[in-house]
Amino acid sequence: PVLLGCGSAQPSGCPALCECSEPAKTVKCVNRNLTAVPPDLPPYVRSLFITGNPLTDLPAGAFPAQRLPDLASLNLSGNHLRSVEAGALALPALRQLDLSGNALVSFSPQAFGEGGSPLEELALRGALSDHGVVLSLAALLQSGALRNLSRLELADNGLLLLPAGMFTALPALRQLDLSNNSLVGLRNVSFQGLGRLQSLDLSDNSLGVLWNSTLAQFRSLPALRHIVLGRNTWVCDCAIEDLVAWLKESDQVESKEALTCASPDKMLGKALLKINGSDLNCSVPIDLPSQLQTSYVFLGIVLALIGAIFLLVLYLNRKGIKKWMHNIRDACRDHMEGYHYRYEINADPRLTNLSSNSDV
């Protein structure tokens, strides 16, 4: 009994609702109905799992840096986190952070403290519940606080568009996962500065076309060798010619043979690599914004010409127009004098009787 009792005892300094292993330097607080981070975490911990709890907020100092100097891996997935406040994750040794499966609505750009963070891997799969928190995350990434980040997971978040310049301050990024969102375009997304990017997952989105500006960025990234584009809604009209040409010449896209058209109906299911000019029935790529710009310029020129012709006609017929206006003025004057004469007759009874006798 004495041996059994010793074997089942919690290690010294371990929170009551957690399991601790000092040799492995690991603490697990899984499905323990925790509503706050345990304040008595052992200082030796390097890997901490707090998952499956009704934890809603991470306030400043939730993980004290002085008490947890060696904490390198933090898994907070599958909780009910909504808010991450400034200074909540200011840990000097943190390398891996998993916030997947939460419903974040507030993520402070100062969550990792005022200085830079050594964080290398950040997982936010299914954690961004609205556009506001996406903007906060973009501000955090753009601040340069995560310049050591090498892996970023943003999958399963229903993203439609990404904030401009969101990834420009991540020079160490190697893997970027944007799969299973609702991205409709990448025109405002800049991949410049991601010289170490090796893998980009864009599968399971709503991409209809990739424009030349985006393709040029892909070509300029020397380390990018794994691009995943499967299960998107490719629109196979004239605008897709550049994408098709790039696919045929590039070795960056994985399983590119499986990419097929989603519309129009006559192209449904056709492999992108098998598309040629006769299928699209166009000679040059169509860029809708540039077409609209050209149309506006042409319309302005036409209106200017019409205005110039109108002014010229007025100038050439200035004498006739002046005479016509004088005639109108005289006619109006005669008409008004007639009304004035009748008013004077009606106003004087004697003139009225005189008028009646004259009529007789």
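As the structure is a computational prediction, the values presented were derived from the model and not from experiment.

A.B. asks: Quick question: what am I supposed to make of the state of the cysteines here?
C.D. replies: In a disulfide, the sulfur atoms of two cysteines are held together by a covalent bond. In the structure shown here, the tally under the stated rule is three disulfides. Between the sulfur atoms of Cys14 and its disulfide mate Cys20 the distance is 1.9 Å. Taking the torsion about the S-S bond as the criterion, the Cys14 to Cys20 disulfide, at about 80°, is right-handed. Taking relative accessible area as the criterion, Cys14 reaches 11% and is therefore assigned buried. For Cys20, a relative accessible area of 14% puts it in the buried group.

A.B. asks: I keep staring at the nonpolar core and nothing clicks. Help me out?
C.D. replies: For soluble globular proteins, the rule of thumb is that nonpolar side chains tend to be buried together. Leu58, Phe63 and Phe167 are the most contacted members of the largest nonpolar core, which has 89 residues in total. Secondary-structure elements contributing two or more residues to this core are β2 (26-30), β3 (47-51), α2 (131-142), α3 (212-220) and α4 (241-249). For this core, the element with the highest residue contribution is α2, accounting for six residues. With near-sequence residues (within four places) excluded, Phe63 lies in contact with Val37, Leu41, Leu48, Ile50, Leu58, Leu68, Leu71, Leu74, Leu76, Ala88, Leu89 and Leu91.

A.B. asks: I'm lost on the sheet that holds strand β8 (residues 106-107) in this one. Help?
C.D. replies: Paired through their backbone hydrogen bonds, the strands of a sheet run either parallel or antiparallel. Taken in spatial order, the three strands line up as β4-β6-β8 in an open sheet, and their pairing is parallel. Among the strands making up the open sheet, the edge pair consists of β4 (57-58) and β8. In this structure, β4 lies alongside strand β6 (residues 83-84), joined through two bridges in parallel fashion. Bridged to Asp57 within β6 is Ser83.

A.B. asks: It is not clear to me how the packing of aromatic side chains should be interpreted in this structure. Could you clarify?
C.D. replies: The description of an aromatic ring pair rests on the distance of the ring centres and on the angle between the ring planes. Under the criterion given, the structure shown has two aromatic pairs. Taking the centre distance of 5.6 Å and the plane angle of 50° together, the rings of Phe191 and Phe218 count as tilted. Taken together, the residues span a long stretch of sequence, with Phe191 in the loop between β11 (175-177) and β12 (199-201) and Phe218 in helix α3 at a distance of 27 residues. Between Phe218 and Trp246, the aromatic rings sit 5.8 Å apart at their centres with planes inclined by 40°, giving tilted as the arrangement. Here Phe218 is found in helix α3, whereas its partner Trp246 is found in helix α4, with 28 residues between them in sequence. When its relative accessible area of 1% is taken as the criterion, Trp246 is described as buried. Taken together, Phe191, Phe218 and Trp246 form an aromatic cluster joined through their ring pairs. The cationic tip of Lys28 hangs over the ring face of Phe49; the distance from NZ or CZ to the ring centre is 5.7 Å. Taking NZ or CZ as reference, Arg187 lies 4.3 Å from the ring centre of Trp211, over its face.

How each quantity is defined
Residues numbered from 1 in each chain as written. Predicted model: local features only at pLDDT ≥ 70, side-chain atom pairs only at ≥ 80, totals over all residues. Heavy atoms only, no water. Disulfide = S-S within 2.5 Å. Buried < 20%, exposed > 50% of the residue type's maximum accessible area, 1.4 Å probe, protein only. Core = buried A, V, L, I, M, F, W, Y, C linked by side-chain atoms within 4.5 Å. Helix = DSSP H or I, 4+ residues; strand = E, 2+ residues; numbered from the N terminus. Contact = heavy atoms within 4.5 Å. Pairing = 2+ DSSP bridges. Phe/Tyr/Trp six-rings, centres within 6.5 Å; stacked < 30°, edge-to-face > 60°. Lys NZ or Arg CZ within 6 Å of the ring centre and 35° of its normal.

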